Structure formats: structure tokens, C-alpha cells
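# Structural characterization, general
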Amino acid sequence: MSINGKYIEAEEKTYCSNSCFEKTLEKCEICQTPIHSGYSITRHNYCDKCTDESPSCFSCGLPAAYPTQLADGREVCNRCTRWAVTTQDMAQKNYDRALRHLQTWTSLKLSSVPTLELVDRAMMQNQSQDLRKTDSPVSVRGLYSRQTYMKKRGFFGTWKESLADAKETIYIVDHLHDEVFRVAAVHELMHDLVHEHFPRLKDAPLWVHEGICQQAAAEYSRRRNYIDVLQGIESCVDPDYGDGFRYINSITGFEGWNALRRWMETVEVDSLPKAAPK
């Protein structure tokens, strides 16, 4: 069709008017205006203004549309608020689902399943302060804790660790979207599975443990098509979580769990570098 009068050319295409051109543009997920300049994150599109002015959702990490501010200052977008895990009962149901997946994927059982505790932000920071000094999403969502107790053997005996009295707890912070919660649960449960079935990795660097657990979380995300969560795992810049995952993922390849298991059973722990190879 020929165009009479003024026209607009953009990206090697011709439009009869600015109104016609704007109909072809992606719309901002928050303000619904055509995006002339902005950002695309997986399947989400945002204009510059909303990206700059919107708070990041604590749960999904994306610019938050119509956020709800929690008492502790966290802000959660409307989508995550709708599916947020807010009670211990809800948390336990999602935790059990994550456990079933992990045991099916690995074909390994946990002889004792850690107790789950749904906690607020302040308690999570208090529990994790000895391990992580930042309050980034990768560090505040979940924590695996194993406490062992010492018992003295005999009148003149020595103090030894009592495995029977070990207390295992997994803490996960509240108000996560249920998908994000289950991914966090898979990650933390994987810590316990590694402890039970691959004790030779006990003294491996932190990036090894976090990389393995992120690999389990990524596998779960792929199977459930949790695109946003998977993108967050793959693009994480943290040296232990991000670089650790990318190295473990590179040696796992398409073979998945079988390759990861062989590596955990055969790697020379003493030869592992302090930082994940890039």
C-alpha cells in the first residue's frame, strides 16, 4: 500500500504515522506505555522510567508493579504477593514437594530430613550472619544448618561428636512466591543430601557446595519451566553461587545427575582451588 504525505521510517520499515509505529512497540509491563527505551528481562519488558523508579521485588528480583511493603521493609510485587508462602503449613507443603523432587532426581533418600522453619527477614539475617555479610537475594532466601553436640566417652575419655544428637534445620524466609520457595528448598535440601551421601566433600571450598546446590535448583527450574528463576541462577554474579554454578554446570553437561554424581565421587578435593574457575 502506498503512503501519501508524511511517514516514519524505523528499523528499515515504513509507517504511516507515529501512532501506527507505536502500536508495534512492546509495552512496559508496569505502566503499559510503548517502550522507546528500556530493558527486556527474560519474558518481561520495562521502560527506562519504571526500571529506574520501581523497587526490586524481594521474591522475584524484578521491578515491582504495585508492590506491597512488608513490616520489615521488603517490597513484593503484586504477582508474588498473590502466590506468597506466608504460613508454616503452606511452607511445609511446598517443602515436601521439593523433597520428593530431589529424591526422585538423585535416586537417593535422606535418612533424616531437616526440620523446616519459616522465618522473617530479621531472623534470617541473624541466622546467616556468620556465613554471609550481605543481604542480597542469593544469601537471604534459605539457610541449611547442622549442629552437632559433643559427648565425653568414659571417665578419662575424650570429647567426641555425637551424630545421633545432631540437629538439622533449614530456614527459608517468608513471603517468597511458591515457585521461588520450592527452588530455595531444593537448594537447601541438596546441602543435606551432599552431607549424608558425599561426606568426602566436607572440606571442599564453599563454591563447590553452593555450585552443586545451585545445579540442583537449576535442574528443578528447567523441569518446571520456571524461566525467571532459572535466569536468576544462570546470571548470578556471586563468586560462590554464580561462578560455582557455572563451573558445576559445565562439567555436568547434558548427562545431568549421573555426571554430577561421578564428579562428586571422584574429584580430588585437596586439589580444588579456593575460587571457582571461570
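Now for a look at the structure at hand. (Residues numbered from 1 in each chain as written. Predicted model: local features only at pLDDT ≥ 70, side-chain atom pairs only at ≥ 80, totals over all residues. Heavy atoms only, no water.)

## Digging into empty space enclosed by the protein
Throughout the structure, instances matching the rule amount to one cavity of 30 Å³ or more. The volume enclosed by the largest cavity comes to roughly 70 Å³. Around the largest cavity, the lining residues are R43, C60, R79, C80, H177, E179, V180, Y226, I227, D228 and V229. The set of elements that each furnish at least two residues to the lining of the largest cavity consists of α3 (78-82), α7 (178-197) and α9 (227-235). It is α9 that provides the largest number of residues to the lining of the largest cavity, a total of three residues. Residues of the lining of the largest cavity, tallied by class, amount to six nonpolar, one polar and four charged. (1 Å grid on protein atoms, 1.4 Å probe; cavity = no way out; pocket = protein on both sides within 12 Å on 5 of 7 lines; lining within 4 Å. Points joined across faces, edges and corners; volume = space filled by probe spheres on them. Helix = DSSP H or I, 4+ residues; strand = E, 2+ residues; numbered from the N terminus. Nonpolar A, V, L, I, M, F, W, Y, C, P; charged D, E, K, R; others polar.)

## Concerning the pattern of salt bridges
Here the structure, examined in full by the defined rule, presents 13 salt bridges. The salt bridge involving R74 is made with D72; its shortest N-O contact spans 2.9 Å. Taking the relative accessible area as the measure of exposure, R74 reaches 4% and is therefore buried. E255 is the partner of R262 in a salt bridge, and the nearest nitrogen-oxygen pair spans 2.8 Å. Accessibility expressed as a relative area gives 43% for E255, which makes it partly exposed. (Salt bridge = Lys/Arg side-chain N within 4 Å of Asp/Glu carboxyl O. Buried < 20%, exposed > 50% of the residue type's maximum accessible area, 1.4 Å probe, protein only.)

## Notes on the pairing of strand β3 (residues 38-41)
Two faces make up the sheet, and in a regular strand the side chains alternate between them. Sheet topology places β3 next to strand β4 (residues 44-47); four bridges connect them, and they run antiparallel. Note that in β4 the partner of G38 across the bridge is C47. Counted along the chain from β3 to the antiparallel partner β4, the turn is two residues long, and its residue T42 has a positive phi close to 45°. (Pairing = 2+ DSSP bridges.)

## Digging into the nonpolar core
Counting 55 residues, the largest nonpolar core has F181, M190, L201, I212, W257 and M264 as its most contacted members. Non-local contacts of M190, meaning those with residues more than four positions away in its chain, are made with L102, W105, I212, C213, A216, W257 and L260. C28, C47, C50 and A65 belong to the second-largest nonpolar core, a separate cluster that totals eight residues. (Core = buried A, V, L, I, M, F, W, Y, C linked by side-chain atoms within 4.5 Å. Contact = heavy atoms within 4.5 Å.)

## A look at the packing of aromatic side chains
Inspection of the entire model under this criterion finds four aromatic pairs. Ring geometry for W105 versus W257: centroids 5.3 Å apart, planes at 55°, classification tilted. You can see W105 sitting in helix α4 (residues 88-106) and its partner W257 sitting in helix α11 (residues 257-266), a full 152 residues away along the chain. Residue classification places W105 among the buried positions, given a relative accessible area of 8%. For the ring pair Y220 and Y226, a centre distance of 5.8 Å and an interplane angle of 80° mean the geometry is edge-to-face. Grouped by ring-pair contacts, the aromatic residues W105, F198 and W257 constitute a single cluster. (Phe/Tyr/Trp six-rings, centres within 6.5 Å; stacked < 30°, edge-to-face > 60°.)

## Considerations on α9
Buried residues of α9: D228, V229, L230 and I233, and no others. Those residues of α9 that are buried are in contact with β4, α7, α8 (206-224) and α10 (242-252).

## Focus on unusual backbone geometry
Of note in this structure, H175 is not a glycine but carries a positive phi near 65°. Within the secondary structure layout, H175 lies in the loop between β10 (159-173) and β11 (176-177). On the basis of relative accessible area, H175 is assigned to the partly exposed category, the value being 22%. A positive phi is found at N225, a non-glycine position, where the angle reads about 60°. For N225, the location among the structural elements is in the loop between α8 and α9.

## Considering the packing of α4 against α7
Contact geometry for α4 and α7: axes closest at 8 Å, N-to-C directions at 55°. Classified by the angle their axes make, α4 and α7 are oblique. In terms of crossing hand, the pair formed by α4 and α7 is right-handed. In contact with A91, N94, Y95, R97, A98, L99, H101, L102, W105 and T106 of α4, α7 contributes D178, F181, R182, A185, V186, L189, M190 and L193. Residue classes in the contact of α4 with α7 are distributed as 12 nonpolar, three polar and three charged. (Axes fitted to C-alpha atoms, helices over the stretch in contact; angles between N-to-C directions. Parallel < 35°, antiparallel > 145°, perpendicular 65-115°, else oblique. Left-handed = near helix turned anticlockwise from the far one by under 90°.)

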